[in-house]
Structure formats: C-alpha cells, structure tokens
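Observations on the three-dimensional arrangement
Letter by letter, the chains look like this.
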Amino acid sequence: MSDWLTIKSDYDAMSEAAAKQVAILIRENNRKGKSTVLGLATGSTPTGLYKELVRLYEEEQLDFSNVITFNLDNYWPCDDAHEKSYVKEMNEKLFDHIIGGERGIKRENIHIPSGKVVEDAIEEHCIAYEEKMKQVGGIDLQIVGIGKNGHIGFNEPEHLADGTPWYKLRTRKVDLSPATIKANGLDGTGIKSAITMGIDTIMQAKSVLLLASGPDKAQIINETFGAEGLNLKSPAGILAGHEHCHLLIDEAAAAAIDKGEAAIKGKGVIARG
Ligand code: F6R
C-alpha cells in the first residue's frame, strides 16, 4: 500500500482518524504559540470529522482559540439563511458548537466565501479571500471531499476540459456542472453557480487530506487514483502532484481499487507549466 493512502474500516473510523490528525496539528501549534490555519469542506463526507472535533472540544479540552478557517466554497447567490447555504451548514455542524469562551474559535477567524456578495463585487471578493489566506501564512491543512464526478471544491471536470491549466484556477465564481446540481439536490432551488477556491488555491495548502466514504465514491476513487494511473479529467487527480496530500478513505470507497497499485502511479508527475 502506498504511504499516501490510508483505508479505514468504515465512515466512523475514517472520521476519527481525520479528527485526530486535525487535533494533533492544532495542539502542536498551540504548544508553539502558533495559529493553525485550516481549510474546510462541507457536504456529507466531513460531517463525522466535525462531530468528533466538537467532542474533542467539549470532552478533551481541544483549544480552537488560535484556529483560523477558510471554507472551500459556497453557493452563489445564496443567502446565509438558505437551507443550502454553506454558512448555515458550517455553523450547524461545527462553529456554533465551538465558539465563545476561552477555548472557542473567534468569529473573526472564520472565513467562508460569501453567497451574498453582489455580482460586480465577486472578483474583488475572491481576490480578498486569497489575500486573507496569504496574510495568515497560508493554509496548514486543507480538508477536501470528492464529488462523484471528481470535483474538488467546485472545480468541475468541465473547467479543465477547455484546456485551462489547473494552476491558473484560483478562487472565482463558477458554473456548477449538471451532475453536481443533481447530486447536491439543487434542482428547483435556482442555484447554478458557486464561489470556490481554485485547484491552484488548494494545491498551495501546506498539506491536503482528501476524505471519501461509501460505495457511491468507489468508482470515482478508482477512476481518479486507481491502478489505471492518474486521470486528469478528474480534478481530484491533480492532488497526486501535491507533496503532502494524503487520501483517507473507507473500505467502501476503496472497493474498486487494486490496493497494491492504487494512488501511486501519478505521484509526483503533476507539474506547473
Ligand atoms: C464541499 C465541496 C465539494 C464536496 C463534494 C463531496 O465544500 O467542496 O467538493 O466535498 O461534492 O460532497 P459529499 O461529501 O456530500 O459527497
């Protein structure tokens, strides 16, 4: 098995291992008096990770007072109170449970692309989002899920299909692919766009942890990282070129890959043009 692939028995074991890694990083940085900059994802995959982080905050004194977060993406246009809003989702799953008090995260340290920014101000908003990341020294650990079509953040396969190189994709407004609109239950909501970190933004993180769970992800995990070699039609495949990317997936998501060969063939071959 490759050293950049860990397969856990099930969703809970994957979530616990992810939370452990996040907690070790936060504790290490807290000891050194340094802040920890986390990149966060939404969707069903990291729900267990957030639940475990809340437990570590409540029961094991994990201290978020020096943690700074940047979410990968948010739908646009989308009010914070909308049922699909990633601001709402993150508050409900994580932030509302770990805010306030001595060990709590500070509201001003939470960053999520705005679903409310007016169209003319989107570009400026995206530049400022990247600038803020830089100002705090960049993302230490980026959590990433994978779409059934291989997207990371909302960097869809279509965004690479026209020949745009991945290293030109920074935080920006994007059209969601029809597959994502369906998979994310957006039919009937009118939501067709999002603001997302780019692939290059994600690749700039000092380390990346890609999580995947369940049989629904088995095909794309195999197509992206399996023994056939790296598939660059799947945006997640670019991550194989990141020096500190780790895939942490469960047995069900790993069901289609040849574990002896998986996730190694493309390692190191993704270059900046
Ligand atoms: C969410 C995000 C998406 C999801 C992906 C998987 O912030 O950027 O790329 O990670 O769509 O979603 P789930 O986890 O719901 O299968």
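This is a predicted model, so every value here is computed, not measured.

1. Some words on the environment of Leu-211
Relative to the elements of secondary structure, Leu-211 occurs in strand β9 (residues 207-212). Judged by its relative accessible area of 1%, Leu-211 falls in the buried class. With 170 residues separating them in the primary sequence, Leu-211 and Ala-41 have C-alpha atoms 10.0 Å apart. Discounting residues that sit within four places of it in the chain, Leu-211 has contacts with Met-14, Ala-18, Thr-45, Leu-49, Ile-143, Val-144, Gly-145, Ile-146 and Leu-248.

2. Examining the packing of helix α1 (residues 11-32) against helix α2 (residues 47-59)
α2 packs onto α1 with a crossing angle of 55° between their chain directions and a minimal axis gap of 8 Å. On the basis of the axis angle, α1 is oblique to α2. Both α1 and α2 take part in a crossing whose hand is right-handed. Residues Tyr-11, Ser-15, Glu-16, Ala-18, Ala-19, Val-22 and Ala-23 of α1 lie in contact with α2, whose contacting residues are Thr-47, Gly-48, Leu-49, Glu-52, Leu-53 and Leu-56.

3. With respect to the packing of aromatic side chains
Scanning the entire structure with this criterion turns up 7 aromatic pairs. Centre to centre, the rings of Tyr-57 and Phe-64 are 6.0 Å apart; their planes meet at 65°, and the pair counts as edge-to-face. Look at Tyr-57 and you get buried, because its relative accessible area is 11%. Seen in terms of ring centroids, Tyr-86 and Phe-154 are 6.2 Å apart; in terms of plane orientation they differ by 15°. Their pairing is stacked. One end of the pair, Tyr-86, is in helix α3 (residues 86-93); the other, Phe-154, is in the loop between β6 (141-144) and α5 (157-161), and 68 residues separate them in sequence. By the ring-pair criterion, three or more aromatic residues cluster together here, those being Tyr-75, Tyr-86 and Phe-154. The ring centre of Tyr-57 lies 4.7 Å from the NZ or CZ of Arg-103, which sits over that ring.

4. A few points about the sheet that holds β6
Taken in spatial order, the 7 strands of this open sheet run β1-β10-β9-β6-β2-β3-β5, and their pairing is parallel. At either end of the open sheet lies a strand with only one pairing partner, and these are β1 (5-8) and β5 (110-111). Here β6 runs beside β9; their pairing, made up of 4 bridges, is parallel. Paired with Val-144 across the bridge in β9 is Leu-210.

5. Quick look at the pattern of salt bridges
Per the counting criterion, the structure on display carries 14 salt bridges. Close ionic contact of Glu-52 with Arg-55 constitutes a salt bridge, the shortest N to O distance being 3.0 Å. In this pair, Glu-52 and Arg-55 are both assigned in helix α2, 3 residues apart and thus about one turn of the helix distant. The partly exposed category is assigned to Arg-55, whose relative accessible area is 27%. In this structure, Arg-170 engages Glu-130 in a salt bridge whose closest nitrogen and oxygen atoms are separated by 2.3 Å.

6. Comments concerning the pairing of β6
Every second residue of β6 is oriented toward a common face, with Leu-141 and Ile-143 on one face and Gln-142 and Val-144 on the other, all of them buried. Here strand β2 (residues 36-40) pairs with β6 via 2 bridges, running parallel. Considered in β6, the bridge of Leu-38 is made with Leu-141.

7. Structural notes on the environment of Thr-224
Tracing the backbone through its elements, the reader meets Thr-224 in helix α8 (residues 218-225). Each C-alpha atom, one on Thr-224 and one on Gln-61, is 38 Å from the other, the two residues being 163 residues apart in sequence. Side-chain polar atoms of Thr-224 contact the side chain of Ser-234, separated by 2.8 Å.

8. Considering the pairing of strand β3 (residues 67-71)
With 5 of 5 residues buried, β3 lies mostly within the body of the structure. Side chains Val-67, Thr-69 and Asn-71 of β3 all project onto a buried face; the interleaved residues Ile-68 and Phe-70 project onto the opposite face, where all are buried too. In this structure, β2 lies alongside β3, joined through 5 bridges in parallel fashion. Looking at β3, one finds that Leu-40 is bridged to Asn-71.

Definitions and cut-offs
- Residues numbered from 1 in each chain as written.
- Predicted model: local features only at pLDDT ≥ 70, side-chain atom pairs only at ≥ 80, totals over all residues.
- Heavy atoms only, no water.
- Helix = DSSP H or I, 4+ residues; strand = E, 2+ residues; numbered from the N terminus.
- Buried < 20%, exposed > 50% of the residue type's maximum accessible area, 1.4 Å probe, protein only.
- Contact = heavy atoms within 4.5 Å.
- Axes fitted to C-alpha atoms, helices over the stretch in contact; angles between N-to-C directions.
- Parallel < 35°, antiparallel > 145°, perpendicular 65-115°, else oblique.
- Left-handed = near helix turned anticlockwise from the far one by under 90°.
- Phe/Tyr/Trp six-rings, centres within 6.5 Å; stacked < 30°, edge-to-face > 60°.
- Lys NZ or Arg CZ within 6 Å of the ring centre and 35° of its normal.
- Pairing = 2+ DSSP bridges.
- Salt bridge = Lys/Arg side-chain N within 4 Å of Asp/Glu carboxyl O.
- Polar contact = N/O pair within 3.5 Å; in protein donor to acceptor, adjacent residues only side chain to side chain.

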